[in-house]
Amino acid sequence: MDKIQLFLEEIKQIISKLESKNVLKITGLGFFGFTLIYCGKIWYAQKLFKRLGLKTPKYRFFYGNLPEVLEQTQSNTLRKWTKEFGKTYGYYEGHLPIIVTSDIDFINEVFIKQYSNFMARKIYPWQFSDNSPKMDLFLSSNKRWKRMRNIINPTFSPSKLKELIPIMNKCTQRFLDILDKNLDEELIISDFLNRYTMDTIWNSATGMDIDCQSNIDNEYMHKALDVFKDLEHLKFGFRVTTYFDEFRPFILHLMTIITFLMGKINSSNEFVDPLFWLTQNIHEIIEKRKKENILRRDFTQLLIESKIDDNETLKTNEKIELSKFRLDREMSFEEIEFNLVGFLLAGFETTSSALNYSFFILANHPSELKKLQEELDEFYLNNGNSLDLNFDNISQLEYLDMFIKEVLRMYPISSNTVNRRCMFATEINGLKIPAGVSVTVDVLSIHYDAEIWGPVDPEEFYPLRFSPDIKRSSSVYLPFGIGPRNCVGMRYALMEMKMALAKILFKYDVLSTEKTPKKFTKFTEGTVRRPKDIVTIKLTKRS
Ligand code: HEM
C-alpha cells in the first residue's frame, strides 16, 4: 500500500513539473518524434520489394502508386505494368505492399495449393478489422471466413437454389411485361437491368415482393443505388484509411460518428443512411421470420436453416477442430444479417453489369443473336413447347453458356476482387512472402493473352473458344475468381442471366441505335467494372 502511495506521489510530482515547464514544447517534440518514427516505418515498408528482389513501377514516398492506380482504373494500370515488368511484380498502395501476378503457377499456389496461408482478402479501405462480427463472408478472414463459408456453401448448391427458381421466374416474367410496353423505343438498358436484378435478388434474399420493376420510385432500389454512390463519395476518406493503415479502425470509427451526426443534422444526408437503412430492414425481416416462424423459400430461410455439413465439406482434421465449437456450426443473427446485406449488394450490380455487357454485344453482333435464337427455338421444341428453365435442363443451352463465358472473359466484372492477403509467411517459387503482403491477379492480362485464347484474336468476340472439346486450365478463366474462396453466388448469377437472356431473346430481336457504342474505351471501377458509355438499344418483336 505504501509503495502504491509513493508511486502515485511520484507521478503527481512529475505532472506538476511538466505543468510548470512548457507543455507545448514537449507535445511538439513528442509529435515530431512520432512523425519521424512513422516516416521511418513507411520508408522501410516501401523497401520491401527491393529486399525481395521484385520489380516495381516508380512510386512516391508515402503515396506509393495509389494515385496512378486510381487515376486510370486498377485493371488498366495493372495490364499496362504487366507489359513493362513481366508476370509477377509489386506495387504499393500507400505503404501497403501488393504483389501483382498473371503467372498461372503462382496463382495456383496462392489461391489453391497454399490457400490456408492466404485466407484473407487485400485490406479494403472500409474494413474495420479481420475479425469484426460485422464483416460478412466477403470481408471476413481466416477461421471466421472458413466457418461461415462452410455454413453458406450448401445454400448455393443446385438442390437448394432450385427452390428459388419460382422467384426468378416471377421476376423475369415481370421484366418481359415491362419490356413489352417499351418495344421499338430507344432504351437505356442498364436502367431496366438494375431494376430486374434488384427485384430478383431482394425477392430471393428476403421473400419480400418489392416489385421495384413496376414502381420506378421504389425506396429499396434507391437505397441500394445510394450505397454504391456513397462508396464513390467516400473516395477521399478511403484514401486516408489506406495511407494511414495503422489507424484505419480509428479513422473509420471517426468517419462513422461524423457521418452519423451529419445525418442527424441534415436529414437528407445521403451517406450512412442507405447502408444503415438496408441493414435495419434486413434485421427486422429476420427478427419477424424467427419470431413468427414464417416459412418461405429464400436466402433468409436457407441461411437460418444452414449448418456445417461435416460429411460433405470438411476434411478430417477440420471436423475435429470444429466439433469442439458445436455452437459455431450455425450462423449468429448478426452474421445472417450482414451476409444478407452482402448478398443484396454483391448480387445486384454484378449481374446487372454482366447483362448490360451482353446486350451491348448482341446489339453489335446480329449473327450472335441469330445463333442464340436458333438454339432457343430448338430447346423450345425439344421441351414440349416450353421455355421453362431449371438447373437440370439449362445445360442444353450450350451456345448461351459459351456466349456468357465469352462476355465475362472480355468484360470481367469484378476482377479487382480476385486477390488474397498472406496471413502466414510462406515461399512461392523461391519468392519469400511475408505475412501482411497481398497478392492480386491481373485478370485482364490473362483474359486477353493470345497464347491462352488464340488462335482467334482475344480482342474479338468469339464464343466458340469455349467449345467443350478445347481444353484449358481452369485457372486462366477468372470472372468468378478461383479456389475455395471463389464467388459463392456464381451458380445463382449464371442461372439468373441465362433465364433473362433466354426469355428475352426468344421473344425479341435486339437492335442497335445511332447511340449504341461500338466499342468501350473508358471504364469506371470500384468493386464492379462498368463502361462509361451508356448502352442504348431497341427491342422489337421477332420477325
Ligand atoms: C455476374 C455476377 C457476379 C460476378 C461476376 C461475381 C464475381 C465475384 C468475384 C470475382 C468474387 C471474388 C472471388 C475470389 O476472390 O476468388 C466474388 C466473391 C463473392 N461473390 Fe460474387 N459475383 C457475381 C454475383 C454474385 C451473386 C449473385 C452473389 C450472391 C447472391 C455473390 C456473392 C459473392 C460473395 C458472398 C463473395 C465472397 C466469397 C468469399 O469471400 O468467400 N456474387 N464474386
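The numbers attached to residues start from 1 for each chain and follow its sequence in the written order. Local features in this predicted model are restricted to residues whose pLDDT is 70 or higher, and side-chain atom pairs enter the listing and the counts only when it is 80 or higher, whereas totals over whole chains, interfaces and linings include all residues. Side-chain measures here rest on the full set of heavy atoms in the structure, leaving out hydrogens and waters.

Peer 1: Kindly report on the site of the ligand, identifying the contributing residues and their values.
Peer 2: Whether a residue is near a molecule or strand depends on its heavy atoms: if one lies within 4 Å, it is near. Taken together, 28 residues form the shell around the ligand, and within it Arg121, Trp145, Arg420, Arg485 and Cys487 come nearest. Any pair of N or O atoms that falls within 3.5 Å is considered a polar contact. Within protein, one atom must be able to donate a hydrogen and the other to accept it, and sequence-neighbouring residues count only if both atoms are side-chain atoms. Taking arginine 121, its side chain carries an N or O atom lying 2.7 Å from an oxygen atom of the ligand. Between an oxygen atom of the ligand and a side-chain N or O atom of arginine 420, the distance comes to 2.8 Å. Only DSSP runs of H or I covering at least 4 residues are called helices, and only runs of E covering at least 2 are called strands; the numbering of each starts at the N terminus. Elements with a contribution of two residues or more to the shell around the ligand: α7 (142–152), α19 (349–364) and α24 (490–507). It is α19 that contributes the most residues to the shell around the ligand, 3 residues altogether. Residue composition of the shell around the ligand, by class: 16 nonpolar, 8 polar and 4 charged. Only Asp, Glu, Lys and Arg are considered charged in this grouping, and only Ala, Val, Leu, Ile, Met, Phe, Trp, Tyr, Cys and Pro are considered nonpolar; every other residue, Gly among them, is considered polar.

Peer 1: I'd like to hear about the coordination of the iron atom of the ligand, residue by residue, with values.
Peer 2: Metal donors were taken as nitrogen, oxygen and sulfur atoms no farther than 2.8 Å from the ion, or 3.2 Å where the ion is Na, K or Ca. Water is excluded, so coordination may look unfinished. You will see that the iron atom of the ligand has only one donor from the protein, Cys487 (SG), lying 2.3 Å away. Tracing the sequence through the fold places cysteine 487 in the loop between α23 (450–453) and α24.

Peer 1: Now, about helix α6 (residues 104–113): what can you tell me, with residues and values included?
Peer 2: A simple rule labels every residue: compare its accessible area, found with a 1.4 Å probe on the protein chains alone, to the largest value its type can have, and call it buried under 20%, exposed over 50%, or partly exposed in between. Along α6, the positions that sit buried rather than exposed are Phe106, Ile107, Asn108, Glu109, Val110 and Phe111. N-capping of α6 is provided by aspartate 103, with a side-chain oxygen placed 2.9 Å from the backbone N of aspartate 105.

Peer 1: So, the UniProt feature "binding site: heme" (unreviewed entry) in the chain: which residues are in play, and what are the values?
Peer 2: UniProt positions are given in the numbering used here, feature names are shortened, and annotations may be inferred rather than shown by experiment. In this structure's numbering, the residues bearing the UniProt feature "binding site: heme" (unreviewed entry) are Cys487. Contacts were defined at the residue level, with two residues in contact if any of their heavy atoms lie within 4.5 Å. Every residue in contact with cysteine 487, bar those within four places of it in the chain, is listed here: Arg149 and Phe480.

Peer 1: Describe the sheet that holds strand β2 (residues 96–101), and please don't skip the residues or the numbers.
Peer 2: Any two strands with at least two DSSP bridges between them are considered paired. Spatially, the 4 strands line up as an open sheet ordered β1-β2-β7-β4, and their pairing is mixed. Of all the strands in the sheet, just β1 (88–93) and β4 (419–421) have a single pairing partner and so form its edges. On average, each strand axis in the sheet is inclined to that of its neighbour by 25°, with strand direction left out of account. Pairing analysis gives 4 bridges linking β2 to strand β7 (residues 438–441), with the strands arranged parallel. Paired with isoleucine 99 across the bridge in β7 is valine 439. All axes are obtained by fitting lines to C-alpha atoms, using only the stretch in contact for helices, and the reported angles, taken between N-to-C directions, cover 0 to 180 degrees. Relative to the sheet, α6 contacts β1, β2, β4 and β7, its axis offset from that of β7 by approximately 125°.

Peer 1: Kindly report on α24, identifying the contributing residues and their values.
Peer 2: Expected span of a helix: the number of residues minus one, times 1.5 Å. Look at α24: 26 Å from first C-alpha to last across 18 residues, which is about the 26 Å you get at 1.5 Å a residue. The buried fraction of α24 amounts to 14 of the 18 residues, a majority that puts the element mostly inside the structure.

Peer 1: An account of the packing of helix α20 (residues 366–382) against helix α21 (residues 398–410) is requested, with residue identities and associated values reported.
Peer 2: Interhelical geometry of α20 versus α21 gives an angle of 145° and a closest axis separation of 8 Å. Note on element contacts: α21 touches α20 through Glu398, Tyr399, Leu400 and Phe403, opposite Glu368, Lys371, Leu372 and Glu375. Residue composition of the contact of α20 with α21, by class: 4 nonpolar, no polar and 4 charged.

Peer 1: Describe the packing of aromatic side chains, listing the residues and the values that go with them.
Peer 2: Here a pair means two rings of Phe, Tyr or Trp (six-membered ring of Trp) with centres within 6.5 Å. Their orientation is stacked below 30 degrees between planes, edge-to-face above 60, and tilted elsewhere. Under the definition given, this model contains 32 aromatic pairs. Ring plane angle 80° and centroid distance 6.5 Å describe the contact between tyrosine 115 and tryptophan 145, whose orientation is recorded as edge-to-face. Of this pair, tyrosine 115 sits in the loop between α6 and α7 while tryptophan 145 is found in helix α7, placing the two residues 30 residues apart along the sequence. As far as burial versus exposure is concerned, tyrosine 115 and tryptophan 145 are alike and both buried. Positioned over the ring face of phenylalanine 138 is arginine 121, at 4.2 Å from the centre of the ring. Placement of a charge over a ring requires the Lys NZ or Arg CZ to be within 6 Å of the ring centre, with the centre-to-atom vector within 35 degrees of the ring normal.

Peer 1: Let's hear about the domain arrangement of the chain: which residues, and what values?
Peer 2: What counts as a domain boundary in this text is fixed by an automatic or database domain assignment. Under the domain assignment, the chain is made up of domain 1 (1–101) and domain 2 (107–423 + 455–541). Its C-alpha centre places domain 1 at a distance of 36 Å from the equivalent point of domain 2. Once two parts are joined, some of their accessible surface, as seen by a 1.4 Å probe, is lost; buried area is that loss totalled over both. Interface area for domain 1 against domain 2, summed over the two sides, is near 1,600 Å², with a carbon-plus-sulfur share of 57%. Definition used for salt bridges: Asp or Glu carboxyl oxygen within 4 Å of a side-chain nitrogen of Lys or Arg. Where domain 1 meets domain 2, there are 3 salt bridges. Here arginine 79 and glutamate 459 are joined by a salt bridge, their closest N and O atoms 3.6 Å apart. On the surface where domain 1 and domain 2 come into contact, there are 9 residue pairs in polar contact (both at pLDDT 80 or more). If you list the elements that add at least two residues to the side of domain 1 that touches domain 2, you get α2 (23–45), α4 (66–72), α5 (74–85), β1 and β2. For the side of domain 1 that touches domain 2, the class distribution of residues is 10 nonpolar, 7 polar and 3 charged.

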